[in-house]
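Chain residues, written in single-letter form:
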Amino acid sequence: MKFTHLVEINDPLNPLIDSLTRDQLWRGLVLRAEKPLAFVPYLDKCNILDRSTLSISRELHYGELVVHDRVTFLPQEQVRYHVPQQKDIPASSLTMTIEEPEVDVFYVRFEYDDGATEEADTADAFYNEFRRSAYQESDIDTIRTIRQMAGEGRLDGPAACGD
């Protein structure tokens, strides 16, 4: 299943929504990779196994299920999650890209790819609609959490990974 959608960050026509800076948005997206427990309520534990300037390798614990992934950073622009094939889990990816069509008007494009063929997608079409809806809600929650963290001043600290 390949699925893409946008979440609007700053709406200059809506004064009720506090705007985020690119830096705050970037730090929030990086924090989602570095401290996913704040963003994923059903995640039990996350261990950072390896860290470089532009990537981290993680071990995620969902009850008995353990998933390894690698997160790469294109500073101030993109965070990419890659789950290699492991045991019963197929290879998949999630890319979050900051888009700025106008000055200080930001969107985040979420792109999912579970590696399935078009044939498999057609067979799983009904199930995939539920997955799309769940992904979209999760992504909206991610932005909501980033907004909350920014409001609390938690995204104004030292440079985040990939800065």
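In case you missed it, the structure is sitting above this.
Presented here is a report on the structure given in the accompanying data block. Please read these numbers as outputs of a predicted model, since none were measured by experiment.

Glancing now at helix α1 (residues 22–34). Spanning 13 residues, α1 covers 18 Å between terminal C-alpha atoms, matching the ideal 18 Å at 1.5 Å per step. Turning to α1, its buried residues are Gln24, Leu25, Trp26, Arg27, Gly28, Leu29, Val30, Leu31, Arg32, Ala33 and Glu34.

Turning to the nonpolar core, a few remarks are in order. Membership of the largest hydrophobic core comes to 33 residues, with the highest contact counts inside it found for Ile9, Leu25, Leu29, Phe73, Val108, Phe110 and Ile143. For this core, the secondary-structure elements that each account for two or more residues are β1 (2–8), α1, β3 (55–62), β4 (65–74), β5 (78–83), β6 (92–102), β7 (105–113) and α3 (125–151). Top element by residues in this core is α1. It accounts for six residues. Ignoring anything within four residues of it in the chain, the contact list for Leu29 reads Val79, Tyr81, Met96, Ile98, Val108 and Ile146.

Peptide bonds are mostly trans, and most non-glycine residues show a negative phi. At Gln76, a residue that is not glycine, the phi angle is positive and equals roughly 65°. Mapped onto the fold, Gln76 is located in the loop between β4 and β5. Taking relative accessible area as the criterion, Gln76 reaches 23% and is therefore assigned partly exposed. Positioned with a positive phi, Asp104 is a non-glycine residue whose angle comes to about 65°. Looking at the element boundaries, Asp104 is found in the loop between β6 and β7.

Below, the discussion takes up the layout of surface pockets. The volume enclosed by the largest pocket comes to roughly 1,000 Å³. Those elements giving two or more residues to the lining of the largest pocket turn out to be β3, β4, β5, β6, β7 and α3. Among the elements that make up the lining of the largest pocket, the one with the highest residue count is α3 (nine residues). Residues of the lining of the largest pocket, tallied by class, amount to 20 nonpolar, four polar and nine charged.

Right, let's get into the sheet that holds β3. With antiparallel pairing, seven strands are arranged side by side in an open sheet as β1-β7-β6-β5-β4-β3-β2. One side of each edge strand has no neighbouring strand; the edge strands of this open sheet are β1 and β2 (45–51). The average undirected angle you get between the axes of adjacent strands in this sheet is 20°. In the sheet, β2 pairs with β3 via six bridges, with the strands oriented antiparallel. From the neighbouring strand, Asp50 faces β3, where its bridge partner is Ser57.

Analysis parameters
- Residues numbered from 1 in each chain as written.
- Predicted model: local features only at pLDDT ≥ 70, side-chain atom pairs only at ≥ 80, totals over all residues.
- Heavy atoms only, no water.
- Helix = DSSP H or I, 4+ residues; strand = E, 2+ residues; numbered from the N terminus.
- Expected span 1.5 Å × (residues − 1).
- Buried < 20%, exposed > 50% of the residue type's maximum accessible area, 1.4 Å probe, protein only.
- Core = buried A, V, L, I, M, F, W, Y, C linked by side-chain atoms within 4.5 Å.
- Contact = heavy atoms within 4.5 Å.
- 1 Å grid on protein atoms, 1.4 Å probe; cavity = no way out; pocket = protein on both sides within 12 Å on 5 of 7 lines; lining within 4 Å.
- Points joined across faces, edges and corners; volume = space filled by probe spheres on them.
- Nonpolar A, V, L, I, M, F, W, Y, C, P; charged D, E, K, R; others polar.
- Pairing = 2+ DSSP bridges.
- Axes fitted to C-alpha atoms, helices over the stretch in contact; angles between N-to-C directions.

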